[in-house]
Every structure is written in structure tokens, then in C-alpha cells.
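Architecture at a glance
Residue strings, one per chain:
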Amino acid sequence: MKKYLLGADVGGTTVKLGLFTVDGTLLDKWEIPTDHSEDSDILRDVAVSCEKMMEQKGLSKDEFAGIGLGVPGPVHGDGSVDLCVNLGWGEKAVKADMEELLGIPAAVGNDANVAALGEMWQGGAKGHENVVMVTLGTGVGGGIIVDGKMIAGAHGYGGEIGHIMINTHETEKCNCGKCGCLEQYCSATGIVRMAGKKLMEKNCDTVLQNIGELTAKDIFDAAKEGDSFAVEIVQDFARRLARGLSFISCVVDPDVFVVGGGVSKAGTIITDTVQKYYKECVFGNQKESSFVLATLGNDAGIYGCARLVLSE
């Protein structure tokens, strides 16, 4: 009987690795640097590191159900990718290569999607099988889980919720090349952009005027203190995010939305405010969907990678 799982969250700077039991208990975690040198092989480095861990703990490969990998890019159904810019990868058969290197089954998913899987398995959405995760950071990412399974889609772009178009009148371009994407308003940079525009448009009595390098944290902190301008920015952010998530709800009807990423550190001011506006955008029992904060932090990826092995 298989006892263990491995999770490898492959990022542009580090690879986060975790050893789990098949019931979801994290036994150990560690990191290795992501080597971008000319003769590097990131998957080989992962395999070597995992084999060293097995040797140190006296574990056999026969005891492992497999290894799950999360990578920063769209993933095809066969576990291959066309492009992972942050890793320097073009077309790559990640699943097949990993299985050859490590000698155990491998499963591969987009890093944001597997983070959602992790939060469903052992995090903020534990106990639910229909989950949408939204990550609010420099950009807006996400992951969609339906009936306990990750939705990647035909081209690997399932869960790219940051690029839902919510404003057809926007003239500034998103990083994706379109205009009016959710990411342009609800990412950390988007929130600051919107606040900056409003500060320039009118004279505002706000503590934010006195801050040189304005951040999303500054805005949420000021809103918590009752600064009326900051409250207005947060309300506008929440309306836009609620609208974007209501589109998703009409398609997948989740039990719960999990909010993660750096911006989520602002806390329940986000979940409470977004949920209020979300209820105004949806109908019927969709209004019963709850909003919770992610709880696994930077470990969500390795949890989700490990869970991905069981899903497949």
C-alpha cells in the first residue's frame, strides 16, 4: 500500500518541496534554488533532492503514490507545457520527464490551480468540493475546483480569472494586451493605480496623500481606520471583484470562494466587503456561497501538488 506523496511547487526563484502522508499530513518541507544556468535541469534537481530525502529517511520509492508538480504556466492534459517563461522552458514534457528521472508516477498542474486544490484539501476550503480560489497579488490569479477536481480546460487556461473583462470602456492595457481586465483593478498594483487616479482627479482629505510610495496595504489600513477616501477605494475594489466572481459563479456555482495572495493579508475587510456586493450580483442559492481567507499561505502549492497525485 502506498503511504506517501511528494509535492513540488516550482517557482522562478525556488522550488518548494513537501513530503506528505496520503491522508494529507505534512511530514517535512524544504526548498532548493531554481537553477537558471545554461546547463541546468530543474526537474533533475528536484529528483535528486527527493531521492536524498528518501535516503535520509529510509523510505523506498515503492512506498510513494507519486509526485505532483505545480508550474507557472498553462499545462496540457498530458502533463506537458508549451511555455513557462519564469523557468526558461519552451515545449516540455514535464510529466514524462519527471517520471523518467524519479521513477514514480507524476502529475502536473498550473501553480495557481494546485494552490486552490491545496486549500480545498487541507486549507480554508476544507470540507468543500466546489471551490474557486482567487489570489490577489501583483496580478490576479485563481483556481477552479469542481466536484473535487481541478479544472484546467482545453488549453490549460482554466482559472485565469484575472483576465475576465469587466470594463469595456477601459483604454489602458493590461499586461495580457487586453483592456479592462479584472487584474487592472483588483490586484495590488491595480488598487494603487485606481487610488492614484482618484487622488489626481480631486482634492481629497486623506492620510494617503502624505504617503510617498503608496501600497495596497496602506489603503486597506487607512480604510480600517475610517479614512473616507480609502473606504471609497476599497468599496470600488470590492464591487469590481464581486462582479467578476459573479460571472464565474454563474458557470461553476461554488460552495466557497477562497481569497489568498499578498493582498489577502488585509483580512476580513476583503471577504466581508466582497461578499456583500457579490450577493447583489447573483441570484437564487448562489447567494449562499461563502467567502473565506486562505490559510495555507506559501504552503498551499505543495499541498495542492501532493493532492494532485490522488486526483489523477
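Thresholds applied
Residues numbered from 1 in each chain as written. Predicted model: local features only at pLDDT ≥ 70, side-chain atom pairs only at ≥ 80, totals over all residues. Heavy atoms only, no water. Salt bridge = Lys/Arg side-chain N within 4 Å of Asp/Glu carboxyl O. Helix = DSSP H or I, 4+ residues; strand = E, 2+ residues; numbered from the N terminus. 1 Å grid on protein atoms, 1.4 Å probe; cavity = no way out; pocket = protein on both sides within 12 Å on 5 of 7 lines; lining within 4 Å. Points joined across faces, edges and corners; volume = space filled by probe spheres on them. Axes fitted to C-alpha atoms, helices over the stretch in contact; angles between N-to-C directions. Parallel < 35°, antiparallel > 145°, perpendicular 65-115°, else oblique. Left-handed = near helix turned anticlockwise from the far one by under 90°. Contact = heavy atoms within 4.5 Å. Nonpolar A, V, L, I, M, F, W, Y, C, P; charged D, E, K, R; others polar. Pairing = 2+ DSSP bridges. Core = buried A, V, L, I, M, F, W, Y, C linked by side-chain atoms within 4.5 Å. Buried < 20%, exposed > 50% of the residue type's maximum accessible area, 1.4 Å probe, protein only. Arc of directions from axis to C-beta.

**With respect to the pattern of salt bridges**
Applying the stated criterion across every chain yields a total of 12 salt bridges. Salt-bridge contacts for Glu63 lead to Lys3; the nearest nitrogen and oxygen are separated by 3.9 Å. Taken together, the residues span a long stretch of sequence, with Glu63 in the loop between helix H1 (42-57) and strand E4 (64-71) and Lys3 in the segment before strand E1 (4-10) at a distance of 60 residues. Between Glu232 and Lys198 there is a salt bridge; the shortest N-O distance is 3.3 Å.

**A word on the layout of surface pockets**
Volume-wise, the second largest pocket comes out at about 230 Å³. The wall of the second largest pocket is formed by 15 residues, among which Val108, Met150, Ala152, Leu308 and Glu312 lie closest to the centre. Top contributing element to the lining of the second largest pocket by residue count: strand E5 (residues 106-110), with 3 residues.

**Re the packing of H1 against helix H2 (residues 94-102)**
The geometry of H1 relative to H2 is characterised by a closest axis approach of 9 Å and an angle of 40 degrees between their N-to-C directions. Viewed along their axes, H1 and H2 adopt a mutual orientation that is oblique. Seen from above, H1 lies across H2 with right-handed handedness. In contact with Leu43, Arg44, Val46, Ala47, Cys50, Glu51 and Met54 of H1, H2 contributes Val94, Asp97, Met98, Leu101 and Leu102. Tallied by class, residues from the contact of H1 with H2 come to 9 nonpolar, no polar and 3 charged.

**Brief notes about the sheet that holds strand E6 (residues 131-136)**
Consider a sheet: its strands pair through backbone hydrogen bonds, and that pairing is either parallel or antiparallel. Pairing within the open sheet is mixed, and its 5 strands lie in the order E8-E7-E6-E9-E10. Of all the strands in the sheet, just strand E8 (149-150) and strand E10 (290-293) have a single pairing partner and so form its edges. Looking at chain direction, E6 and strand E7 (residues 140-146) are connected through 6 bridges and run antiparallel. From the neighbouring strand, Val132 faces E7, where its bridge partner is Ile144. Along the sheet, helix H3 (residues 111-122) makes contact with E6, E7, E8 and strand E9 (256-260), crossing E7 at roughly 55 degrees.

**A few points about the nonpolar core**
Residues Ile219, Phe220, Phe237, Leu241, Ile270 and Val274 are the most contacted members of the largest nonpolar core, which totals 43 residues. Put simply, the parts of the chain that give this core at least two residues each are E6, E7, helix H4 (183-186), helix H5 (188-201), helix H6 (216-224), helix H7 (228-252), E9 and helix H8 (268-281). Per element, the largest residue contribution to this core is 10 residues, and it comes from H7. In this structure Phe220 touches Ile191, Val234, Phe237, Val263, Ala266, Ile269 and Ile270, once residues within four positions along its chain are discounted. Within the second largest apolar cluster, 32 residues are counted, among which are Leu43, Ile67, Val71 and Val94.

**Section: H2**
Every buried residue of H2 is accounted for by Val94, Met98 and Leu102. Down the axis of H2, the buried set is contained in an arc of 40 degrees. They therefore lie on one face. Each element contacted by the buried residues of H2 is listed here: E1, H1, E4 and E5. Where H2 terminates, the next one or two residues include Gly103, which has phi positive at roughly 80 degrees.

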